[in-house]
Amino acid sequence: MSFLYPLGLLGLIGVPILIIIYIIKNKYTEQVIASTYLWALSEKFLKKRLPINKLVGIISLILQIITVILVSFALAHPVLIRKGAADDFCFVIDGSGSMNFVQDDKTRLDLAKERVSEIIDDSANGSAYTLVFVGSTTNEIYSGITDREQALSLLGGISPSYAATGFTDAIGAAQSYFNANPAVKTYLVTDKDFKSSDNVNVINVGAEVENYAVSDVKYEIGDSLRVSGSVMSYKSDASLNVSLYLDGLPAAAATKTVEVKGLQVAEFTLESTQVEFGSLRVEISNADALAADNEITVYNVDYENSYTALLVSETPFYMQAVLKAVGNARTTVIKPEDYTGGDGYDLCIFDSFTPETIPQNSAVWFFNPESVAGAGFSVQNDITLTSAARAKYSSSTSTVVRSLLNNVIKEDFYVIKYKKCGLYRNFTTLVSVGDDPLVFTGTNDYGNRTVVFAFALKDTNFPPLQDYRVLSGNLLSFAFPTVIDKSSYYCGEMLQVNVVANCDGIRVVSPSGGISYLDVSGAVSEFELTEVGTYTLTVLYGDNSRIYNVYAAFPEDERFPVTEGEAFSLQGEAGGSRRDGIFDNLFILVIILAVVFAADWVVYCYEQYQLR
């Protein structure tokens, strides 16, 4: 026998204390009574002759000593060791996407946790438990713990994954435990069958259920919006109701019933007259055992990477043509006299017009500007040449210059008139005439990107040249770079985000509300998509931000209701000694303590009765 809490035996100090109290206790009290009463009482005792009265005091003492001893032992928690009566358990739980199938109102993962709980509850005291969970990654939840309640509590806390997972790491972990102790009992709880499972007890919680899925959703924009894709029924023939929703609106933009054979793919096409949209969602309304693959959301990447532009000009033709050809802007054109402010636009372009104050929350382009506070440059005077001067492209090898002049063939172009500008912020000159900057870019006093063409388009032969469109496209990409190249992924894939210049941070909010921040120290940042649904990216630029959305769909490999794996086997010969069991049931000790305490109470009551 051993004790879990040996300090509880300090309670035995109460035994000598009880004896001392019994010895020094005054058993008699002086009372003044009538002599006739004394004679009558003595006569009464002489007749009854009850010898037990002499033992009442010592019996009570003995019972109290036994009570103190039992309480001390209970506090010390005695444990009886049972040789070879317990086991080591290693549980491997499959947390792949298919474990989200619902059977009898419970997911397969819930059923798996119930089966493991039953094994733990039925195991002998003293058993040790190890739990390996195979989700989006393989995690060892706990190892070799003997606290049954703790093992059950941590088991209940695992949550499902949606990725297609492999068991290589799990086999490695289980093999290491088996090598250390060949007597370990290894359980794999999954919804798959395995062709071989040596030294492993496979518990299959899967069953054949109905599952429908939509995939390969694409769209084309012409005179109308055409959305195509495919649906599949993984068990039986079905008539699937497929609907198209645009921009989160509750009413379907189009609906179609698609007849599909079991285990066959059926194509569909949905059409809508609405051609401008930010997102579209295709949904199968039929109920099945897995809702996660019944819908797919596709975000319009061009729309998300687009920006709103305000063009203030008397002659907007050339700039309008560039924005339409190489930009991704939704452009509003107004005359200078109608300008009241640039709030609400991502880009403000001022052609031969300079506002009294520049917008504080927009990128700004100037053509033929005047001085304005906060712009980062000043106009010193107008330069009118007697003959056209050839513009000169920068020969700098800096990364910014090479990026902005990428694909520019540097055709000769000339100007006859321009503004001589002084730069008091860190601007990069791309084109110059003599020592005067002609085209330059940087940031203004508000931290917004600024591009300056120090001439009017009518005073140069630049607009008809190919370089005008290429350079303008590079400058637009510089101001509004493409952050995401696509918006559709599968769960388990890596999301790639382009880290743009002057990016202060990128926050990612998962479908469940979890928040992560990406590393923005490099040109590209990656993030693993582990949940089905929409991820929201917020790209921060100083006080400004832009929001992008991507959708992670349920993996196609996990959509089959019943699947089969190759092997989950442990190499070696099972055997060896079992773990020692523990018998520490205090219930019996509590019963004995209760009986002794009741006996002491009976003796006390009898003593009080005799003294009446």
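Residue numbers run consecutively from 1 along every chain, following the written order of its sequence. Totals for whole chains, interfaces and linings use all residues, but because this is a predicted model, local features are given only for residues with pLDDT of at least 70 and pairs of side-chain atoms are given and counted only at 80 or more. Hydrogens and water molecules were not included; the side-chain quantities draw on all heavy atoms of the structure.

**Let's talk about the sheet that holds strand β8 (residues 185-190)**
Here is step 1 of the chain: In this description, strands pair whenever DSSP reports at least two bridges between them. For helices the rule is a DSSP run of H or I covering at least 4 residues; for strands it is a run of E covering at least 2, with both sets numbered from the N terminus onward. Ordered by their spatial adjacency, five strands build an open sheet running β7-β6-β3-β8-β10, and the pairing between neighbours is mixed. One side of each edge strand has no neighbouring strand; the edge strands of this open sheet are β7 (138-145) and β10 (201-204). Averaged over all neighbouring strand pairs, the angle between strand axes comes to 15°, with direction disregarded.
Here is step 2 of the chain: One ladder, built from five bridges, connects strand β3 (residues 88-94) with β8; its direction is parallel. The residue of β8 that forms the bridge with Phe91 is Tyr187.
Here is step 3 of the chain: By the convention used here, residues are in contact when the closest approach between their heavy atoms is within 4.5 Å. Interaxial angle, 0 to 180 degrees, is taken between N-to-C directions of lines fitted to C-alpha atoms, where a helix line uses only the stretch in contact. Strand contacts of helix α4 (residues 108-122): β3, β6 (128-134), β7, β8 and β10, with the helix running at about 175° to β3, the strand carrying the most contacts.

**Examining the side chain of Ser224**
Here is step 1 of the chain: Looking at the secondary structure, you find Ser224 in the loop between β11 (212-221) and β12 (225-233).
Here is step 2 of the chain: Side-chain atoms alone can form a polar contact between residues adjacent in sequence; in general such a contact is a pair of N or O atoms within 3.5 Å, and within protein one must be able to donate a hydrogen while the other accepts it. Polar contacts involving the side chain of Ser224 include one to the side chain of Glu271, which spans 2.6 Å.
Here is step 3 of the chain: Setting aside its immediate chain neighbours within four residues, Ser224 contacts Glu271, Ser272 and Val275.

**So, the environment of Ser279**
Here is step 1 of the chain: Structurally, Ser279 can be placed in strand β16 (residues 279-284).
Here is step 2 of the chain: Separated by 271 residues in sequence, Ser279 and Val550 place their C-alpha atoms 10.0 Å apart.
Here is step 3 of the chain: Discounting chain neighbours no more than four positions away, the residues touching Ser279 are Tyr245, Leu246, Asp247, Gly248, Thr297, Val298 and Tyr299.

**Digging into helix α10 (residues 466-479)**
Here is step 1 of the chain: Take the number of residues in a helix, subtract one, and multiply by 1.5 Å to get its expected span. Spanning 14 residues, α10 covers 20 Å between terminal C-alpha atoms, matching the ideal 20 Å at 1.5 Å per step.
Here is step 2 of the chain: Remark: exposure states derive from per-residue accessible area (1.4 Å probe, protein chains only) relative to the maximum for the residue type, with buried under 20%, exposed over 50%, and partly exposed in between. The element α10 is largely enclosed, with a buried count of eleven among its 14 residues.

**Points about the nonpolar core**
Here is step 1 of the chain: Ranked by internal contacts, the top residues of the largest apolar core, which has 41 residues, are Trp365, Phe413 and Phe455.
Here is step 2 of the chain: Examining the composition of this core, we find that seven residues originate from one element, α10, more than from any other.
Here is step 3 of the chain: If we skip the residues at most four places from it in the chain, Phe455 touches Phe367, Asn368, Phe413, Val415, Lys417, Tyr418, Leu438, Val439, Thr460 and Phe462. Definition used in this section: a nonpolar core is a set of buried Ala, Val, Leu, Ile, Met, Phe, Trp, Tyr and Cys residues joined via side-chain atoms within 4.5 Å.

**Brief notes about a negative patch on the surface**
Here is step 1 of the chain: Only residues whose relative accessible area exceeds 30% and that form no salt bridge enter a patch; like-charged residues are grouped when within 9 Å of one another, and nonpolar side chains (Val, Leu, Ile, Met, Phe, Trp, Tyr) when within 5 Å. Reported accessibility uses the Shrake-Rupley method at a 1.4 Å probe radius. Residues are deemed covered only where the shown protein chains occlude them. When a carboxyl oxygen of Asp or Glu lies within 4 Å of a side-chain nitrogen of Lys or Arg, that pair is called a salt bridge. Note on charges: Lys and Arg go in the positive column, Asp and Glu in the negative column, and His and the chain ends are not counted at all. Every charge is mapped to an atom, namely NZ of Lys, CZ of Arg, CG of Asp or CD of Glu. Together, Glu118, Asp121, Asp122, Asp147 and Glu149 give the surface a local cluster of negative charge.
Here is step 2 of the chain: Broken down by element, the residue count for the negative patch peaks at three residues, all from α4.
Here is step 3 of the chain: Mapped onto the elements of the fold, Asp121 is located in helix α4.

**Quick notes on unusual backbone geometry**
Here is step 1 of the chain: Notably, Asp104 is not glycine yet its phi reads approximately 55°, a positive angle.
Here is step 2 of the chain: Its place among the elements puts Asp104 in the loop between β4 (102-103) and β5 (106-107).
Here is step 3 of the chain: Even without being glycine, Asn199 reaches a positive phi, approximately 65°.
Here is step 4 of the chain: Checked against the element boundaries, Asn199 lands in the loop between β9 (192-196) and β10.
Here is step 5 of the chain: Overall, Asn199 belongs to the partly exposed group, its relative accessible area being 28%.

**Examining the packing of aromatic side chains**
Here is step 1 of the chain: Here is the rule: rings of Phe, Tyr and Trp (six-membered ring for Trp) pair when centre to centre is within 6.5 Å. Planes less than 30 degrees apart are stacked, more than 60 are edge-to-face, and the remainder are tilted. Applying the stated criterion across every chain yields a total of 28 aromatic pairs.
Here is step 2 of the chain: On the numbers, 5.7 Å between centres and 25° between planes, the contact of Phe91 with Tyr187 is stacked. With Phe91 in strand β3 and Tyr187 in strand β8, this residue pair connects regions lying 96 residues apart in the sequence. For the pair shown, Phe91 and Tyr187 are each scored as buried.
Here is step 3 of the chain: Grouped by ring-pair contacts, the aromatic residues Trp365, Phe367, Tyr393, Phe413, Phe453, Phe455, Phe462 and Tyr468 constitute a single cluster.
Here is step 4 of the chain: Above the ring of Tyr303, the side-chain terminus of Arg330 is found at 4.7 Å from the ring centroid. Placement of a positive charge over a ring is assigned whenever Lys NZ or Arg CZ falls within 6 Å of the ring centre and within 35 degrees of the normal to the ring plane.

**Brief notes about helix α5 (residues 148-156)**
Here is step 1 of the chain: Buried within α5 are the following residues: Ala151, Leu152 and Leu155. Across the axial projection of α5, the buried residues extend over an arc of 95°, all falling on one side. Turned more than 90 degrees off the buried face of α5, the exposed positions are Glu149 and Ser153.
Here is step 2 of the chain: The inward-facing, buried residues of α5 contact β3, α4, β6 and β7.
Here is step 3 of the chain: Measuring from the backbone nitrogen of Glu149 back to the side-chain oxygen at the start of α5 gives 3.1 Å, which picks out Asp147 as the cap. In this description, one arc is meant: the one made by directions from the helix axis to the C-beta atoms.

**So, the pattern of salt bridges**
Here is step 1 of the chain: On inspection of all chains with the given rule, the structure shows 14 salt bridges.
Here is step 2 of the chain: When the shortest N-O distance is used, the salt bridge between Lys335 and Glu314 registers 3.7 Å. Here Lys335, found in the loop between β19 (329-334) and β20 (347-351), pairs with Glu314, found in the loop between β18 (307-312) and α8 (317-325); they are 21 residues apart in sequence, far enough to count as distant.
Here is step 3 of the chain: Relative accessible area serves as the criterion here: at 38%, Lys335 is assigned to the partly exposed category.
Here is step 4 of the chain: By relative accessible area, Glu314 is classed as partly exposed at 46%.
Here is step 5 of the chain: Salt bridges linked by common partners bring Asp94, Arg108, Asp191 and Lys192 together as one network.

**A closer look at the packing of α8 against α10**
The packing of two helices is summarised by the inter-axis angle and the distance between the axes.
Here is step 1 of the chain: Between α8 and α10, whose axes approach to 10 Å, the crossing angle comes to 65°. Along this stretch, α8 crosses α10, giving a crossing that reads as right-handed. Side by side, α8 and α10 meet where Tyr318, Met319, Val322 and Leu323 of the first sit next to Tyr468, Arg469, Ser472 and Leu476 of the second.
Here is step 2 of the chain: A class-by-class count of the residues in the contact of α8 with α10 yields six nonpolar, one polar and one charged. Left-handed is the label given to a crossing in which the near helix is rotated counterclockwise from the far helix by less than a right angle, and right-handed is the label when the rotation is clockwise. When residue character is reported, Ala, Val, Leu, Ile, Met, Phe, Trp, Tyr, Cys and Pro are called nonpolar, Asp, Glu, Lys and Arg charged, and the others, Gly included, polar.

**Brief notes about the pairing of β20**
Here is step 1 of the chain: Counting buried positions along β20 gives five out of five residues, so the element sits mostly inside the fold.
Here is step 2 of the chain: Along β20, one buried face is formed by Leu347, Ile349 and Asp351 and the opposite face, lined by Cys348 and Phe350, is buried too.
Here is step 3 of the chain: Judged from the five bridges that link them, β20 and strand β21 (residues 363-367) form a sheet pairing that is parallel. Paired with Leu347 across the two strands is Ala363, which belongs to β21.

**Focus: a nonpolar patch on the surface**
Here is step 1 of the chain: A cluster of nonpolar side chains, contributed by Leu7, Leu10, Ile13, Ile17 and Ile21, occupies part of the molecular surface with about 520 Å² of accessible area.
Here is step 2 of the chain: Inspection of the secondary structure assignment puts Ile13 in the loop between β1 (2-3) and α1 (14-24).

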